[in-house]
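# Structural overview for review
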Amino acid sequence: MAKTSKTGRDGDGALIGAIAKAVGEKGLVTDPGEMAPHLEELRGRYRGAALALVKPASTAEVAEVIRLAAAAKMPIVPQGGNTGLVGGQVPPEHGRALLVNLSRMNRVRSLDPVDNTITVEAGCLLASVQAAAAEAERLFPLSLAAEGSCQIGGNLSTNAGGIHVLRYGNMRELVLGLEVVLPDGRVWDGLRRLRKDNTGYDLKQLFIGAEGTLGIITTAVLRLFPAPVQKATAFIGLTQVEHAMAILERARAVAGDQLDCVELMPRLGLEFTLRHIPDTTDPLGDPHPWYLLLELASGKAGDHLAETLEALLAEAYDDGLIGDAALAASAAHRAAFWRLREGISEAQKPEGGSIKHDISVPVSRIPEFFARAIPLVEEMIPGVRPVPFGHLGDGNLHFNLTQPAGGDREAFLDQWEDVNRAVHELVVEMGGSISAEHGIGRMKVEELKHFKSAVEIELMARVKGALDPDNLMNPGKVI
Ligand SMILES: Cc1cc2nc3c(=O)[nH]c(=O)nc-3n(C[C@H](O)[C@H](O)[C@H](O)COP(=O)(O)OP(=O)(O)OC[C@H]3O[C@@H](n4cnc5c(N)ncnc54)[C@H](O)[C@@H]3O)c2cc1C
């Protein structure tokens, strides 16, 4: 819990006045209408209140705001693009907090084609960083459906994943250096662009995935890669999910690190997408219980990816591993395949309430997970419609459950915590994680406490206590 200020309302008023001086007119919002969209997360699950929305335009401004807030024992909630799915960026309901949004810190500071690095401020949109890299014929590989709205600071703080983790790793692996404003307002300048730096603890890793509980990330040095010059993409129909594992293994063997994405989705997910997302069509004639979207990519010309993929699929077909497959014949065709995968979350909404799980299990155990998890939830909620999809190559599944057709939405959603707990018990028993991509935020604080060992929780609490002894940085989140 955050400590209560002894300064009271007058003190809070004086703090807001001092912050107004530090950030100027454009940097401080107290109008309720303007603040409202920042106080609620996208899915409407979490709402909060704040004394003000602060939008600093530089590291020096962030540092001054945090220094003033620390002196007044004022809790701080860092916010990026507000696309987080676990409520970490939403302030608590009681209102004694400042929401610090990084969107005005949105400059690409430099790009170095020899070092293959890009140095960006935390408020840069992920899509803008991708575009700046592409302009220099490079790739910044982090890619997720929210890339037009989420910011690099949010991606770092949630250690975001997405569709290219299989090949390039998640955000943690794409960072060389960070600049962070600490909870007392000091600035740690760790903006190194070195591939090798074994000089003690790797402090940047503490802040990546910390969900704003240890400091505010203001700038980052990110890694770049050769831009792909060719891609080959297939939409594959499977009779059983076990065959997906065999195809993954074969694709790794023939394509090596050209294997870029392997996404899994069930028939019901495709049906929802075809029903609710405009301009979508089933690429295959007959229905199949499961589908894979598999993509190879290369930064070199002459790698003949299409031939590699065709040969892989022909052999898999002959061996009875696939029912049917379509190859993308053009960029538009490829985009149409991806619409089918990326539309699933949106397409679930018109079907009623969804209970969600963002889990991972060892890749080899995915079929076993489905064989145990689906009957488990069907027993808890007769008629439930499981729509599990996700990043097969990383073992990361969005195990989403749509309410029974025609059922009562609220009664279904009331079972969220019980169903989560049962699925998480299974995931942990199978050596998996209860949060593969989205983090802990507000949503999974109790789950974290339940599932992590006492030693792990104590170590996390000690790190938090060492960096933020007054518990002012995003209190109530993660730990
Ligand atoms: C349609 C959709 C698809 C998505 N797909 C994926 C996916 O494939 N993979 C995935 O990993 N996630 C996914 N997400 C979740 C979300 O987009 C990511 O978690 C993203 O990284 C959040 O970035 P943001 O800028 O919106 O951060 P916010 O939501 O604003 O904040 C997220 C957390 O980071 C903290 N934070 C934000 N900025 C800073 C900063 N500068 N310094 C310190 N702390 C900060 C906040 O306090 C909060 O705890 C998806 C979300 C949506 C809506």
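Quick note: structure is the one above.
A quick note: this is a predicted structure, and the numbers were derived from the prediction, not measured.

Rules of the game
Within every chain, residues take consecutive numbers counted from 1 along the sequence as written. Given that this is a predicted model, residues contribute local features only at a pLDDT of at least 70 and side-chain atom pairs are listed and counted only at 80 or more, while totals for whole chains, interfaces and linings are drawn from all residues. Each side-chain value is derived from all of the structure's non-hydrogen atoms; neither hydrogens nor water enter the calculation. Numbering of helices and strands runs from the N terminus; a helix is a DSSP stretch of H or I covering at least four residues, while a strand is a stretch of E covering at least two. Burial classes follow relative accessibility: with a 1.4 Å probe on protein chains only, a residue under 20% of its type's maximum area counts as buried, one over 50% as exposed, and anything between as partly exposed. Contacts are residue-level and defined by heavy atoms, with any inter-residue pair within 4.5 Å sufficient. Only the protein chains shown count as covering a residue, and every accessible area follows the Shrake-Rupley method with a 1.4 Å probe. Between rings of Phe, Tyr and Trp, where Trp is taken as its six-membered ring, a pair exists when centres lie within 6.5 Å; planes separated by under 30 degrees are stacked, by over 60 edge-to-face, and by other angles tilted. Definition of nearness: a residue and a molecule or strand are near each other if at least one heavy atom of the residue lies within 4 Å of the molecule or strand. In the analysis that follows, any N or O atom pair within 3.5 Å is treated as a polar contact, provided that within protein one partner can donate a hydrogen and the other can accept it, and provided that, for residues neighboring in sequence, both atoms belong to side chains. Residue type decides the class: Asp, Glu, Lys and Arg count as charged, Ala, Val, Leu, Ile, Met, Phe, Trp, Tyr, Cys and Pro as nonpolar, and the leftover types, Gly among them, as polar. Two kinds of site are reported from a 1 Å grid over the protein atoms alone, namely cavities, where a 1.4 Å probe fits but cannot get out, and pockets, open sets with protein on both sides within 12 Å along at least five of seven lines, and residues are called lining when an atom falls within 4 Å of a point. Grid points are joined across faces, edges and corners, and a volume is the space filled by probe spheres set on the points. An automatic or database domain assignment supplies the start and end points of every domain. Between the first and last residue of a helix there are one fewer steps than residues, each counted as 1.5 Å, and that sum is the expected span. Among buried residues, the Ala, Val, Leu, Ile, Met, Phe, Trp, Tyr and Cys ones that are joined through side-chain atoms within 4.5 Å form a nonpolar core. Paired strands are those between which DSSP finds at least two bridges. One speaks of a salt bridge when a side-chain nitrogen belonging to Lys or Arg is within 4 Å of a carboxyl oxygen belonging to Asp or Glu.

## Some remarks on the overall build of the chain
- Each helix and strand counted, the chain has 17 helices and 19 strands in total.
- Along the first, second and third principal axes, the C-alpha set of the chain runs to 75 × 55 × 45 Å.
- Counting only residues that meet the buried cut, the chain has 54% of its 479 residues in that class.
- Within the chain, counting contacts between residues at least 6 apart in sequence, those at least 24 apart form 74% of the total.
- Accessible area of the chain: about 20600 Å², with a carbon and sulfur share of 52%.

## Side note on the packing of aromatic side chains
- Using the criterion set out here, one finds 7 aromatic pairs in the structure.
- When the centroid spacing of 6.0 Å and the interplanar angle of 55 degrees are considered together, the rings of Phe369 and Phe370 count as tilted. A single burial state applies to Phe369 and to Phe370, both of which are buried.
- Ring geometry for Phe369 versus Phe399: centroids 5.2 Å apart, planes at 75 degrees, classification edge-to-face. Taken together, the residues Phe369 in helix H13 (residues 366–380) and Phe399 in strand S19 (residues 396–402) connect sequence positions 30 residues apart. A single burial state applies to Phe369 and to Phe399, both of which are buried.

## Topic: the site of the ligand
- Of all residues adjacent to the ligand, which total 35 residues, the nearest are Pro78, Gly80, Gly81, Thr83 and Gly84.
- The separation between a nitrogen atom of the ligand and a polar side-chain atom of Ser157 is 2.9 Å.
- For the ligand, whose accessible area on its own is 970 Å², the fraction buried by protein is 92%.
- Among the elements of the structure, strand S3 (76–79), helix H5 (152–157) and strand S10 (216–223) are those that each provide at least two residues to the shell around the ligand.
- The dominant element in the shell around the ligand, judged by the number of residues it contributes, is H5, at 4 residues.
- Class assignment for the residues of the shell around the ligand results in 12 nonpolar, 21 polar and 2 charged.

## Here we look at empty space enclosed by the protein
- Applying the stated rule across the entire model yields 1 cavity of 30 Å³ or more.
- Lining the largest cavity, in full, are Ile163, Leu166, Cys261, Val262, Glu263, His391, Gly393 and Asp394.
- Take the lining of the largest cavity: its biggest share by element is 3 residues, from strand S13 (residues 259–266).
- Here the residues of the lining of the largest cavity are counted per class, giving 4 nonpolar, 2 polar and 2 charged.
- In terms of domain composition, the lining of the largest cavity takes at least three residues from each of domain 2 (230–345) and domain 3 (352–437).

## Description of helix H3 (residues 59–71)
- Taking 1.5 Å of rise per residue, 13 residues should cover 18 Å, and H3 covers 18 Å from first to last C-alpha, within 8% of that figure.
- Those residues of H3 lying buried are Thr59, Glu61, Val62, Ala63, Val65, Ile66, Leu68, Ala69 and Ala70.
- Lys73 sits one or two positions beyond H3 and adopts a positive phi of about 55 degrees.

## Here's the deal with the nonpolar core
- Membership of the largest hydrophobic core comes to 51 residues, with the highest contact counts inside it found for Leu264, Leu292, Leu294, Phe369, Phe370, Leu392 and Phe399.
- Those elements that place two or more of their residues in this core are strand S12 (230–238), helix H8 (242–255), S13, strand S14 (290–298), helix H10 (305–318), H13, S19 and helix H15 (416–429).
- When residues of this core are sorted by domain, at least three fall in each of domain 2 (230–345) and domain 3 (352–437).
- The residues touching Phe370, leaving out its near neighbours within four places in the chain, are Val241, Leu264, Trp290, Pro375, Pro388, Leu397 and Phe399.

## Notes on the pairing of strand S18 (residues 385–391)
- In terms of burial, S18 is a largely internal element, 7 of the 7 residues being buried.
- Pairing of S13 with S18, which is carried by 2 bridges, proceeds in the antiparallel orientation. Each bridged residue has a counterpart across the sheet, and for Glu263 the counterpart in S18 is His391.
- In this structure, S18 lies alongside S19, joined through 7 bridges in antiparallel fashion. Residue Pro386 lies in a different strand from S19, and its bridge partner there is Leu401.

## Examining the sheet that holds strand S4 (residues 98–101)
- Spatial strand order, S1-S2-S4-S3: 4 strands in an open sheet with mixed pairing. Two strands close off the open sheet at either side, each with one partner strand: strand S1 (28–29) and S3.
- Pairing between S1 and strand S2 (residues 52–54): 2 bridges, direction antiparallel. When the sheet's bridge partners are listed, Leu28 is paired in S2 with Val54.

## With respect to the pattern of salt bridges
- For the coordinates displayed, the defined rule picks out 32 salt bridges.
- One salt bridge in this structure joins Arg107 and Glu121, with 2.6 Å as the shortest N-O distance. Note that Arg107 is positioned in the loop between S4 and strand S5 (108–112) and Glu121 in strand S6 (residues 117–121), a separation of 14 residues in sequence.
- For Glu121, a relative accessible area of 2% gives the class buried.
- Here Asp112 and Arg193 are joined by a salt bridge, their closest N and O atoms 3.0 Å apart.

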